[in-house]
Amino acid sequence: MKWKALLMAGIAMFLWHAPAFAQQSVEERLKSMEKRIKYLEERVSAQDKVIVEKDKQISKLTGGDNWFEAVEIGGAIKLKGTIANPAEGESTTDLAVETVELGIGAQVNDWVKGEVVLLYEQGESLDVDTATVTIGPPEGSWSLTGGQLYVPFGAFETNLISDPMTLDIGETRQTALQLDASAGGLSGSVFLFKGDSPENDEDRIQGAGVAVGYSIEKENFELGLNLSYINDLGDSDGLQDVIETSINRAAGVSASAKMRIGSITVLGEFLGAMDEFHANEVAFGDYGAKPSAWMVEAAYGFELAGKEATLAASYQQTDEALALELPKKRILLGVSAEVMEGLSLGVEWARDTDYSVADGGTGEDSDTFTLQLAAEF
């Protein structure tokens, strides 16, 4: 029976120490779990650091945490219908997509932005109209722009559908460098470009110009004055369509003014050559031409059915511009109104009077009625 007593004593000792054994197992498990959790936390922390670093690299490449906020896209589509009554021949009608414009701009960083504008015009292929890079301090008073751009020669402002005839003579698109600066209401630009004139040497930059302006704007009053100079008007887009061989340079000058009082706006501009072109460049009769144009326009802004509308009238005249296929005189009258946000409708009547027979024209009048639907986005 002694062995039974020993067995009972052993069982009693086991039962006495069993909670301690169980407690020791739980503690070991907790320690093991703590080690596992600490290991996982270290792994997650390391991965978070890698993610943060990658986000910083992506932000630098894209210009911000939300890179799409640094990119702007805009454009316009213009549909135009016309009825033309020429001086000679029968009247004609036309309906076409006049222009399609798409612009993409990006703020590369605080100092640099880029912009590309694609343009389709009736009868032409899709073209890169402008492509520029601009460098300048944020909210600064100066900037440097390089690329294909329209140099700041001429103002060409209008409230009508048709461009002013000053634009037909002076608008100049070139691959150029342009420095702009402003102080208060004063502004100025200096630009350099190679030029398209056949006289230009292929290895020399010969085109240059300067523009200065002053503007003031208040709630019911606005005034703007601009003066610009280009050393060769023959590099303008309009004259390049005419000039085949260039012998000399003919500088050009432009002066414009804009004044708004309440709802009434008055515009005026003169643009022309300071020197004569040779007869084999731009002829006027048997002599060399000194083409020029001037315009004056008055506009009145009002509400039409709760939408913004504008009534405008303009008188324009050219001199020695027969070779550019421009009329001697042009009278325009038009009204345009916002149909809904981003969509406008305009109607215009234009009467052209050709140069006299003595100057090589017909002296006759022709009329054109234009309806334009324009969507901007």
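This text goes with the structure placed above it.
Residues numbered from 1 in each chain as written. Predicted model: local features only at pLDDT ≥ 70, side-chain atom pairs only at ≥ 80, totals over all residues. Heavy atoms only, no water.

### Focus on the overall build of the protein
- On a plain count of helices and strands, the protein comes out with 3 helices and 18 strands.
- Burial analysis of the protein (377 residues in total) assigns 30% to the buried set.
- A separation of at least 24 residues holds for 51% of the contacts in the protein among residues at least 6 apart in sequence.
- Carbon and sulfur atoms provide 58% of the accessible area of the protein, an area that totals close to 23,300 Å². (Helix = DSSP H or I, 4+ residues; strand = E, 2+ residues; numbered from the N terminus. Buried < 20%, exposed > 50% of the residue type's maximum accessible area, 1.4 Å probe, protein only. Contact = heavy atoms within 4.5 Å. Areas by Shrake-Rupley, 256 points an atom, 1.4 Å probe, with all protein chains shown as cover.)

### Concerning the side chain of Gln316
- As for its position among the elements, Gln316 is in strand E15 (residues 307-319).
- Take Gln316: its relative accessible area is 2%, and that puts it in the buried class.
- A polar atom in the side chain of Gln316 sits 3.2 Å from the side chain of Ser314.
- Setting aside its immediate chain neighbours within four residues, Gln316 contacts Pro164, Met165, Trp294, Met295, Lys328, Lys329, Arg330 and Leu332. (Polar contact = N/O pair within 3.5 Å; in protein donor to acceptor, adjacent residues only side chain to side chain.)

### Side note on the packing of aromatic side chains
- The tally for this structure, following the rule as stated, stands at 4 aromatic pairs.
- With 6.2 Å between their ring centres and 20° between their planes, Phe191 and Phe193 make a pair best called stacked. Pair check on accessibility: Phe191 and Phe193 agree, each one buried.
- Ring centres of Trp294 and Tyr315 lie 5.6 Å apart, and the angle between their planes is 55°; this geometry places the pair in the tilted category. Taken together, the positions of Trp294 in strand E14 (residues 292-304) and Tyr315 in strand E15 put the pair 21 residues apart, joining distant regions of the chain. (Phe/Tyr/Trp six-rings, centres within 6.5 Å; stacked < 30°, edge-to-face > 60°.)

### Structural notes on the pattern of salt bridges
- Inspection of every chain in the model, using the stated rule, returns 9 salt bridges.
- Linking Asp127 and Arg173 is a salt bridge whose minimum nitrogen-to-oxygen distance equals 3.3 Å. Taken together, the positions of Asp127 in strand E4 (residues 127-135) and Arg173 in strand E6 (residues 173-183) put the pair 46 residues apart, joining distant regions of the chain.
- For Arg173, a relative accessible area of 24% translates into the label partly exposed.
- Among the salt bridges present, the one from Arg330 reaches Asp352, with a minimum N-O distance of 2.7 Å. Residue Arg330 is located in strand E16 (residues 329-340), and its partner Asp352 is located in strand E17 (residues 343-353); the two are separated by 22 residues in the primary sequence. (Salt bridge = Lys/Arg side-chain N within 4 Å of Asp/Glu carboxyl O.)

### What about the nonpolar core?
- The biggest cluster of nonpolar side chains holds 26 residues, and the ones touching the most others in it are Val151, Ile169, Leu233, Leu239, Phe277 and Val282.
- Among the secondary structure elements, those contributing two or more residues to this core are helix H2 (165-170), strand E7 (186-193) and strand E11 (264-273).
- The biggest single contributor to this core is H2, with 3 residues.
- Apart from the residues lying within four places of it in its own chain, the contact partners of Leu239 are Ile169, Leu233, Gly234, Phe277, Val282, Pro291 and Leu324. (Core = buried A, V, L, I, M, F, W, Y, C linked by side-chain atoms within 4.5 Å.)

### Quick word on a negative patch on the surface
- Side chains of Glu303, Glu308, Glu338 and Glu341 sit close together on the surface and give a patch of like negative charge.
- Relative to the assigned elements, Glu308 resides in strand E15.
- On the basis of relative accessible area, Glu308 is assigned to the exposed category, the value being 63%. (Patch = residues over 30% accessible without salt bridge, like charges linked within 9 Å, V, L, I, M, F, W, Y side chains within 5 Å. Lys, Arg positive; Asp, Glu negative; His and termini not counted. Charge placed at Lys NZ, Arg CZ, Asp CG, Glu CD.)

### So, the pairing of strand E5 (residues 142-150)
- Of the strand pairs in this sheet, E4 and E5 are connected by 5 bridges, and their pairing is antiparallel. Each bridged residue has a counterpart across the sheet, and for Thr134 the counterpart in E5 is Thr145.
- In this antiparallel pair of consecutive strands, E4 and E5, the connection spans 6 residues, and Glu139 shows a positive phi of 55°. (Pairing = 2+ DSSP bridges.)

### Quick notes on the pairing of E6
- Bridging between E5 and E6 involves 9 bridges; their strand directions are antiparallel. What sits directly across from Thr145, in E6, is Gln178.
- Summarising the sheet, E6 and E7 pair through 8 bridges and their orientation is antiparallel. Looking across to E7, one finds that Asp180 is bridged to Ser189.
- Connecting E6 to the next strand, E7, in antiparallel fashion are 2 residues, including Gly184 with a positive phi near 65°.

### What to know about the environment of Ala298
- Its place among the elements puts Ala298 in strand E14.
- Taking the C-alpha atoms as reference points, Ala298 and Thr265, separated by 33 residues in sequence, lie 5.7 Å from one another.
- Residues within four places of Ala298 in sequence aside, it is in contact with Thr265, Leu311, Ala312 and Ala313.

### Considerations on the side chain of Glu348
- Note on placement: Glu348 falls in strand E17.
- One buried charge, Glu348, has no salt-bridge partner; the nearest side chain with opposite charge is Arg330, at 7.3 Å.
- A distance of 3.0 Å separates a polar atom in the side chain of Glu348 from the backbone nitrogen of Ile161.
- A polar contact is formed between the side chain of Glu348 and the side chain of Ser162, at a distance of 2.5 Å.
- Setting aside residues no more than four positions away along its own chain, Glu348 makes contact with Leu160, Ile161, Ser162, Leu332, Leu333, Gly334, Thr368, Phe369 and Thr370.

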